[in-house]
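# An overview of the molecular structure
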4 protein chains.
Amino acid sequence: MSQQDQIEQWIQEIIKIDEAKLTDKQIKIIQAAVEVFAEKGYAASSTSEIAQKAGVAEGTIFRHYKTKKDLLLSIVSPMMSRLIAPFVWNDFKEVLESDYPTIEEFLYALAVNRLNFARKHLKLIKILLQEIPFQPLLQEEFKKHIGNKVFHRFAEIVEHFKSKGQIIEMPAPSLLRFSASAMIGLFISRFVIFPDQPWDEDKEIRDTIQLILNGISAKP
Amino acid sequence: MSQQDQIEQWIQEIIKIDEAKLTDKQIKIIQAAVEVFAEKGYAASSTSEIAQKAGVAEGTIFRHYKTKKDLLLSIVSPMMSRLIAPFVWNDFKEVLESDYPTIEEFLYALAVNRLNFARKHLKLIKILLQEIPFQPLLQEEFKKHIGNKVFHRFAEIVEHFKSKGQIIEMPAPSLLRFSASAMIGLFISRFVIFPDQPWDEDKEIRDTIQLILNGISAKP
Amino acid sequence: MSQQDQIEQWIQEIIKIDEAKLTDKQIKIIQAAVEVFAEKGYAASSTSEIAQKAGVAEGTIFRHYKTKKDLLLSIVSPMMSRLIAPFVWNDFKEVLESDYPTIEEFLYALAVNRLNFARKHLKLIKILLQEIPFQPLLQEEFKKHIGNKVFHRFAEIVEHFKSKGQIIEMPAPSLLRFSASAMIGLFISRFVIFPDQPWDEDKEIRDTIQLILNGISAKP
Amino acid sequence: MSQQDQIEQWIQEIIKIDEAKLTDKQIKIIQAAVEVFAEKGYAASSTSEIAQKAGVAEGTIFRHYKTKKDLLLSIVSPMMSRLIAPFVWNDFKEVLESDYPTIEEFLYALAVNRLNFARKHLKLIKILLQEIPFQPLLQEEFKKHIGNKVFHRFAEIVEHFKSKGQIIEMPAPSLLRFSASAMIGLFISRFVIFPDQPWDEDKEIRDTIQLILNGISAKP
DNA sequence: TATGAATGAGAGTTCATTCAT
DNA sequence: TATGAATGAACTCTCATTCAT
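Throughout what follows, the structure given in this document is the object of discussion. (Residues numbered from 1 in each chain as written. Chains lettered and ligands numbered in written order. Predicted model: local features only at pLDDT ≥ 70, side-chain atom pairs only at ≥ 80, totals over all residues. Heavy atoms only, no water.)

### Looking at the packing of helix 9 (residues 136-163) of chain D against helix 10 (residues 172-193) of chain D
Residue and element names in this part refer to chain D. For the pair helix 9 and helix 10, interaxial distance at closest approach is 10 Å and the crossing angle is 110 degrees. Between helix 9 and helix 10, the angle is such that the two are roughly perpendicular. For the pair helix 9 and helix 10, contact is made by Phe151, Phe154, Ala155, Val158, Glu159 and Lys162 and by Ala172, Pro173, Leu175 and Leu176, respectively. Here the contact of helix 9 with helix 10 is built from residues that sort into eight nonpolar, no polar and two charged. (Axes fitted to C-alpha atoms, helices over the stretch in contact; angles between N-to-C directions. Helix = DSSP H or I, 4+ residues; strand = E, 2+ residues; numbered from the N terminus. Parallel < 35°, antiparallel > 145°, perpendicular 65-115°, else oblique. Contact = heavy atoms within 4.5 Å. Nonpolar A, V, L, I, M, F, W, Y, C, P; charged D, E, K, R; others polar.)

### Here we look at the relation of the copies chain A and chain B
Superposition of the two copies of the chain requires a rotation about an axis and a shift along the axis. Least-squares fitting of chain A to chain B yields an RMSD of 0.1 Å, with the transformation described by 0.0 Å of translation along the axis and a rotation of 180 degrees. Within this description, the copies of the chain are treated as partners about a two-fold rotation axis. Residues of chain A ranked by C-alpha distance from the rotation axis are headed by Gly215(A), positioned 1.9 Å from it. A share of 100% of interface residues in chain A that are also interface residues in chain B marks the association as one of identical surfaces. (Least-squares fit on C-alpha atoms with pLDDT ≥ 70 in both.)

### Details of the packing of aromatic side chains
Each pair of aromatic rings is reported with the distance of its centres and the angle of its planes. According to the stated counting rule, one finds six aromatic pairs over all chains in the structure shown. With a centroid separation of 5.4 Å and 65 degrees between ring planes, the pair formed by Phe37(C) and Tyr42(C) is classed as edge-to-face. Each member of the pair, Phe37(C) as well as Tyr42(C), is classed as buried. Taking 5.5 Å as the distance between ring centres and 80 degrees as the angle between the ring planes, the aromatic pair formed by Phe178(C) and Phe178(D) counts as edge-to-face. Of this pair, Phe178(C) sits in helix 10 (residues 172-193) while Phe178(D) is found in helix 10, placing the two residues in two different chains. The two residues Phe178(C) and Phe178(D) agree in class, both being buried. One Lys or Arg, Lys68(A), reaches over the ring of Tyr42(A) and ends 4.5 Å from the middle of that ring. (Phe/Tyr/Trp six-rings, centres within 6.5 Å; stacked < 30°, edge-to-face > 60°. Buried < 20%, exposed > 50% of the residue type's maximum accessible area, 1.4 Å probe, protein only. Lys NZ or Arg CZ within 6 Å of the ring centre and 35° of its normal.)

### Considerations on the pattern of salt bridges
With the rule as written, the count across this model stands at 40 salt bridges over all chains. Between Lys123(A) and Glu35(A) there is a salt bridge, with its nearest N and O atoms 2.4 Å apart. You can see Lys123(A) sitting in helix 8 (residues 122-131) and its partner Glu35(A) sitting in helix 2 (residues 24-40), a full 88 residues away along the chain. Residue classification places Glu35(A) among the partly exposed positions, given a relative accessible area of 32%. One salt bridge connects Glu159(D) with Lys162(D), and the closest N-O pair in it is separated by 3.8 Å. One end of the pair is Glu159(D) and the other is Lys162(D), both in helix 9 and three residues apart, which spans about a single turn. A residue is classified by how much of its surface remains accessible, and Lys162(D), at 15% relative accessible area, is buried. Residues joined in a network through salt bridges with shared partners are Arg119(A), Arg190(A) and Glu201(A). (Salt bridge = Lys/Arg side-chain N within 4 Å of Asp/Glu carboxyl O.)

### Description of the interface of chain D and chain C
Contact with chain D, which involves 35 residues of that partner, is made by 35 residues of chain C. Across the chain D/chain C interface, buried area totals approximately 2,600 Å², and carbon plus sulfur atoms make up 64% of it. For the salt bridge of Glu204(C) with Arg177(D), the shortest nitrogen-to-oxygen distance reads 2.5 Å. Counting across the interface, chain D meets chain C through seven residue pairs in polar contact (both at pLDDT 80 or more). Elements with a contribution of two residues or more to the side of chain D that touches chain C: helix 2 (24-40), helix 10 and helix 11 (201-216) of chain D. Partitioning the side of chain D that touches chain C into residue classes produces 18 nonpolar, ten polar and seven charged. (Buried area = accessible area lost by both parts, 1.4 Å probe. Polar contact = N/O pair within 3.5 Å; in protein donor to acceptor, adjacent residues only side chain to side chain.)

### Considerations on the interface of chain A and chain B
Counting from both sides, the interface comprises 35 residues of chain A and, opposite them, 35 residues of chain B. At the boundary of chain A with chain B, total buried surface from both sides reaches about 2,600 Å², with 65% on carbon and sulfur atoms. Across the contact surface, chain A and chain B share two salt bridges. The interface formed by chain A and chain B includes six residue pairs in polar contact (both at pLDDT 80 or more).

### Considering empty space enclosed by the protein
Residues and elements named next belong to chain C. Inspection of every chain in the model, using the stated rule, returns one cavity of 30 Å³ or more. If you trace the largest cavity, you find it lined by Leu115, Leu186, Arg190, Trp199, Glu201, Glu204 and Ile205. Contributing elements (two or more residues each) for the lining of the largest cavity: helix 10 and helix 11 (201-216). Among the residues making up the lining of the largest cavity, the classes are represented as four nonpolar, no polar and three charged. (1 Å grid on protein atoms, 1.4 Å probe; cavity = no way out; pocket = protein on both sides within 12 Å on 5 of 7 lines; lining within 4 Å. Points joined across faces, edges and corners; volume = space filled by probe spheres on them.)

### Concerning the protein's contact with DNA strand F
The immediate surroundings of DNA strand F are formed by 32 residues, with Lys68(A), Thr60(B), Thr47(C), Lys68(C) and Thr60(D) found nearest. The sugar-phosphate share of atoms of DNA strand F within 4 Å of the protein amounts to 60%. In the model, a phosphate oxygen of DNA strand F is placed 2.9 Å from a nitrogen or oxygen of the Lys25(B) side chain. Within the side chain of Arg63(B), one N or O atom sits 3.0 Å away from a base nitrogen of DNA strand F. Of all the secondary structure elements, the ones that give two or more residues to the surface near DNA strand F are helix 3 (47-54) and helix 4 (58-64) of chain A, helix 4 (58-64) of chain B, helix 3 (47-54) and helix 4 (58-64) of chain C together with helix 4 (58-64) of chain D. For the surface near DNA strand F, the residue count by class is six nonpolar, 18 polar and eight charged. (Near = heavy atom within 4 Å.)

### Re helix 2 (residues 24-40) of chain C
Residue and element names in this part refer to chain C. In a regular helix each residue adds 1.5 Å, so 17 residues correspond to 24 Å; helix 2 covers 25 Å between its end C-alpha atoms and thus fits that length. For helix 2, every residue scored as buried is listed here: Gln26, Ile29, Ile30, Ala32, Ala33, Val34, Val36, Phe37 and Ala38. Buried residues along helix 2 sit in contact with helix 3, helix 4, helix 5 (68-83) and helix 8 (122-131). At the exit of helix 2 stands Gly41, carrying a positive phi of roughly 90 degrees. (Expected span 1.5 Å × (residues − 1).)

### What to know about the relation of the copies chain D and chain C
Once chain D is rotated about the relating axis by 180 degrees and shifted along it by 0.0 Å, it coincides with chain C to within an RMSD of 0.1 Å. Comparing contact sets, 100% of the residues at the interface of chain D also lie at the interface in chain C, consistent with an isologous, same-surface contact.

What is shown is where atoms sit, not what they do.
Encoded structure:
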């Protein structure tokens, strides 16, 4: 089992996706909704178009989802936790220290994993990002997940390396923001802005990691 | 005249905003539209709400703007060039070399300028970013401005410093993306994600610039 | 056996309610339907709410009743005959003359009986009255029962007393309408308009009867 | 000027109907709505049918009335005060004593006036009565108007005659209920139950008044 | 017999747009 | 130029009814 597969497996255990309970029609509705929401935006999408694309009657949508917003949220809300799943690992630090020879290798594995995840769920993530500003419920979840979980985990790690004198003297939030921005910037360039360009993903990931590490490493 | 004022003046000359021609009602319509679009998103906003907020009749909007989309674009489209105005300077390089003692100082002046600009036009920029995915016209403009102008200008500068051995050996697009991501990440954190936190903007800007420069500087 | 019980027994014999044939689920459906129809009105009630309240599946209702209207009518239609049952007695006159010392006593017994009946089936009677204007079938039944049976019976009695010089000289329909209005007015006040006030029912009934008899009695 | 005209004039002054402000289309909408609501009941009526009957677009209805219920209430609610207008006269007692030779004559004038009013607004009154049970707002208005105004006025008059020994010793509410029931019973018979029968309205009114007065007069 | 998912017609309502004033 | 009443298509959502299980 490769390291990537291993990471993926851990994630699956964490989030326990129970798509099993969905009926055939529900899956078709969700697929159609993702398609249409991603293309036109939530507000500009019509339930009739979703129904048509899903091959069901419009009423069927409302049998499974009380309102159109309900449909959106039940699609998009679980995405948030899946998106940041690897960062809320309980044994994150152990994995980092034991399973990977260098921090570069660890970050590379993580980045590849998330990049593949993003590639797989591109449209859903688009919808999520588009709708966060307008859906208070999503904002709450965002704060809960990112703010409380991911942030504290990262702060821990940063302090760990800082205390060893390996990281530049700077507030943890700034370092986290910087690192995350660089990675997210890569993702957005790759998938949103220039999806049709030829990309040497591997090299771009490695370069970005190097730039980040250069940036935050303490100078001798 | 301070350096900031000087930059601002140059920008004004470049973009030549002709708000002078707008009637009183038009200005009210635009202000109301920005307000409503930013709050609810373009698709979920109604022209009647805009009219009401602007204190004009519904018909008046359509006297000045053929369609709702027309209203959106005439608000948002000019923003793109204003947003990237300083980066398309003709005498960018001269300014950089002659007016500022170090590159840090130059980047700092630039960042402060854009941060203040973003603060002033926050809602408009929000709308712009929200609607780019759905408005082909905006996408074209984005590519035209960013792709052709900003990118080439930066590539020039990067090559200049590379040839002097001061910048790490890496493709210019990657370096640009990395630098821009770090700065934009700061802006989004400041204005979108944590607008209500207390911010030491100056320090955050200087830190971010330091991290970027650390990242891209050639190691001795 | 009290006179009230005796009257009740006669009524039961007349109308022969065959609720025995109803299954458990049917009874629950009817109860739920009465509840919901009375609360929201027939047209504003949904079969799904009835099904939910009855604890059965939506389809089950339509297994027993072809349509929603069918459900309404099979609930409400038998009520009409039950409501006017005592007035269509075959031996009405004999009872009146033999079993009760005075006409006041007879009317009092009758009123108490109907009042208790109305109290017991309040919601059903509400539905019946609400729906008569919109259900031609109910209108027919109303005319058949009231018009043909009750009216002729009363006309007979009135003529009987008129011929004895005990009742004022006035057309029987007017006298019937007057008497019925006074009693029905009492019922509606009691149950519909002021159901929550404290009522001395006995006294109100006796007063109303006295007023009616005062009104229709021939003056010496 | 006849006594009837005089009464009508007083009423007009009291209720101050300002139908003048209604546009042509609004009047058509109201007329159509009254027609359809009366025929099918509020809940079973569709706005599209009303629009069609009024000869306007469906959207036009919602420009003037926020919701379907709004349409109902703005039609029906003003009816309540108009319906009971003559009974809330400030100088009711003076009129009764000065302008009419006998109380019979006064009641007769009043009854004729209300009968003509009911005839003119038959459908509206039907709708009002049908919807009172389901519209809390109407119930409130009913209690406010009938309970507080009409009732107290009548109680006053009853006490006045009681003290002169002309009315039977009985609670005022019972006497009012009895009298109102007899009159309302006549109206309902006339307009709702047997609208198609030939009616000698004058005689029926006079008979009913006589029966009421017989009922409530103190016996020598 | 009982279920409940599925239907699709039609409900009330919104809205960008038009046009007579 | 500015208005706002009017439009009617399109929207989200409800509902009585059907039917495979």
